[in-house]
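Structural features, examined
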Amino acid sequence: MRPIRRDASPRQGDFSNYRDALPDLVSRLGMYCSYCERYIATQLAVEHIQPKGLPAYQPLQGRWENFLLACVNCNSTKKDKPVSLSDVLLPDRDNTLAAYLYSAGGEIQVSSQLNAHAQQLAQATLALVGLDQQGQTIADANGRLIALDRVKQRREAWLTAVDARGTHSGDGTAHRELPPC
Ligand SMILES: [Zn+2]
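Residues numbered from 1 in each chain as written. Predicted model: local features only at pLDDT ≥ 70, side-chain atom pairs only at ≥ 80, totals over all residues. Heavy atoms only, no water.

1. A short note on the coordination of the zinc ion
What counts here: Nitrogen, oxygen and sulfur within 2.8 Å of a metal are treated as its donors, or within 3.2 Å for sodium, potassium and calcium (Na, K, Ca); water is not counted, so a site can appear incomplete. The rule is simple: four donors are tetrahedral if all their angles sit between 85 and 135 degrees, four are square planar and six octahedral if opposite donors span more than 155 degrees and the others lie between 65 and 115, and anything that fits none of that is irregular. A run of H or I in DSSP counts as a helix once it spans at least four residues, and a run of E counts as a strand once it spans at least two, with each numbered from the N terminus. Buried residues are those whose accessible area, probed at 1.4 Å on protein chains only, stays under 20% of the maximum for their type, while exposed residues exceed 50% and partly exposed ones sit between those limits.
Those donors, C33 (SG), C36 (SG), C71 (SG) and C74 (SG), are the protein atoms that reach the zinc ion, and they lie 2.3 Å from it. Each of the 4 donor atoms around the zinc ion contributes to a set of angles spanning 106 to 115°, which defines the coordination as tetrahedral. Between consecutive donors of the zinc ion, the numbers of intervening residues give the motif C-x2-C-x34-C-x2-C. With C33 in the loop between α1 (22-29) and β1 (45-48) and C74 in helix α2 (residues 72-78), this residue pair connects regions lying 41 residues apart in the sequence. There is no split in this pair, since C33 and C74 are both buried.

Dropping the structure here:
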C-alpha cells in the first residue's frame, strides 16, 4: 500500500461540501484508490477516514486531514465502521509500503518484518476495507451486488509487471548491467 502525501489543505478551514475536495485530492494523489491502489477512471470518491455517517465524526465531515480517495469496493466495505486512528495503519500517516507483501496470486499479506503490534494494526486496515477477502460479491447501500474483483486485478497487475521485467531484462530474472559512462 503506497504511502500518500496529501500535504496542507488548499483551503482555510473546512470544506463546506466535502465533494469539492475531489479535484485537489486527485491532483495530489492521482486517480488511485488510497487503499487498494487501483487506477479508478470514474467513481473515485472522497473517502472519510473517520466515517461521516457516524455522529461522533460529523465534525470531521469537511476536514481535509480526514480525506483520502477510495473506490466503490473499498468505500462500500468500509462503510460506517468506526475508525480509531491508533488501531489501524493508514497510507497518509504510516509507512504502509513496508507493511504488506503482495503475491503473484493477488493476495495481500501483512509483513512478518513488523513487530506483533504493528502486524495487528496492518491486519486491521486490511479487514477495514476488505482487502483480506478473496474475490466475492458484496451488497452496496442500495442492495446491489458489486464484484470484489480487486484480487483478480492485482493478479493481472502482477503478470504485467513480470512481463515488463522480462522485456527489460531478457530472461526475467536479472537486470542487464549498464555500460560505464
Ligand atoms: Zn479500493
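2. Focus: the layout of surface pockets
The criterion, for reference: A pocket here means an open set of points on a 1 Å grid, computed over the protein atoms alone, that has protein on both sides within 12 Å along at least five of seven lines. A cavity is instead a set of points where a 1.4 Å probe fits but cannot get out; residues with an atom within 4 Å of a point line either one. Grid points are joined across faces, edges and corners, and a volume is the space filled by probe spheres set on the points.
Space inside the largest pocket adds up to approximately 630 Å³. As for the largest pocket, its lining consists of 25 residues, of which A45, K52, V72, N75 and S76 are closest to the centre. Elements with a minimum of two residues in the lining of the largest pocket: β1 and α2. Here the second largest pocket is characterised by a volume of approximately 300 Å³. Lining the second largest pocket are 13 residues, and of these E37, Y102, R154, A157 and W158 sit closest to its centre. For the lining of the second largest pocket, the elements supplying multiple residues, two or more each, are β3 (100-102) and α4 (150-169).

3. Some thoughts on the pattern of salt bridges
Rules: For this analysis, a salt bridge means a side-chain nitrogen from Lys or Arg found within 4 Å of a carboxyl oxygen belonging to Asp or Glu.
Enumeration according to the criterion identifies 6 salt bridges in this entry. For R2, the salt bridge is made with E37, and the minimal N-O distance between the two is 3.2 Å. Of this pair, R2 sits in the segment before α1 while E37 sits in the loop between α1 and β1; the two residues are 35 residues apart in sequence, bridging distant segments of the chain. Where R63 meets D14, a salt bridge forms, and the shortest distance between an N and an O atom there is 2.8 Å. Placement of the pair is R63 in the loop between β1 and β2 (67-70) and D14 in the segment before α1, with a sequence separation of 49 residues. Taken together, the shared-partner salt bridges in this structure form one network comprising R6, D92 and R93.

4. Here's the deal with the side chain of T96
Structurally, T96 can be placed in the loop between α2 and β3. On the basis of relative accessibility, which here comes to 0%, the residue T96 falls in the buried class.

5. What about the side chain of K78?
Rule in force here: Polar contact is the term for a pair of N or O atoms within 3.5 Å; when the atoms are in protein, one must be able to donate a hydrogen and the other to accept it, and sequence-neighboring residues count only if both atoms are side-chain atoms. Residue contacts follow a heavy-atom distance rule, with two residues in contact if any of their heavy atoms lie within 4.5 Å.
Position of K78 relative to the elements: it lies in helix α2. A relative accessible area of 1% places K78 in the buried class. Here I49 takes part through its backbone oxygen, which lies 2.8 Å from a polar atom of the side chain of K78. Setting aside residues up to four positions removed in sequence, K78 forms contacts with Y35, E47, H48, I49, P51, V83, L128 and V129.

6. As for unusual backbone geometry
You will see that D7, though not glycine, has its phi angle at about 60°, which is positive. With respect to the helices and strands, the residue D7 is situated in the segment before α1.

7. Topic: a nonpolar patch on the surface
Test applied: In this scheme, patches are assembled from residues that exceed 30% relative accessible area and form no salt bridge. Like charges are connected within 9 Å, while nonpolar side chains (Val, Leu, Ile, Met, Phe, Trp, Tyr) are connected within 5 Å. In this description, accessible areas are obtained by the Shrake-Rupley approach with a 1.4 Å probe, and a residue is regarded as covered only by the protein chains that are shown.
A grouping of W158, L159 and V162 is seen on the molecular surface, where their side chains present a nonpolar patch of about 270 Å² in accessible area. Its place among the elements puts V162 in helix α4.

8. Description of the pairing of β2
Our working definition: A pair of strands is treated as paired once DSSP finds two or more bridges between them.
The two faces of β2 match: F67 and L69 on one face and L68 and A70 on the other face are all buried. When β1 meets β2, the two strands line up antiparallel, connected through 4 bridges. Note on β2: the bridge partner recorded for V46 is L69.

9. Describing the confidence of the model for the protein chain
The condition is simple: pLDDT: the predictor's confidence for each residue, scored from 0 to 100.
Taken residue by residue, the protein chain gives an average pLDDT of 88. The fraction at 70 or more is 88%. When pLDDT is averaged over each element of the protein chain, β2 comes out on top at 98 and strand β6 (residues 145-148) at the bottom at 61.

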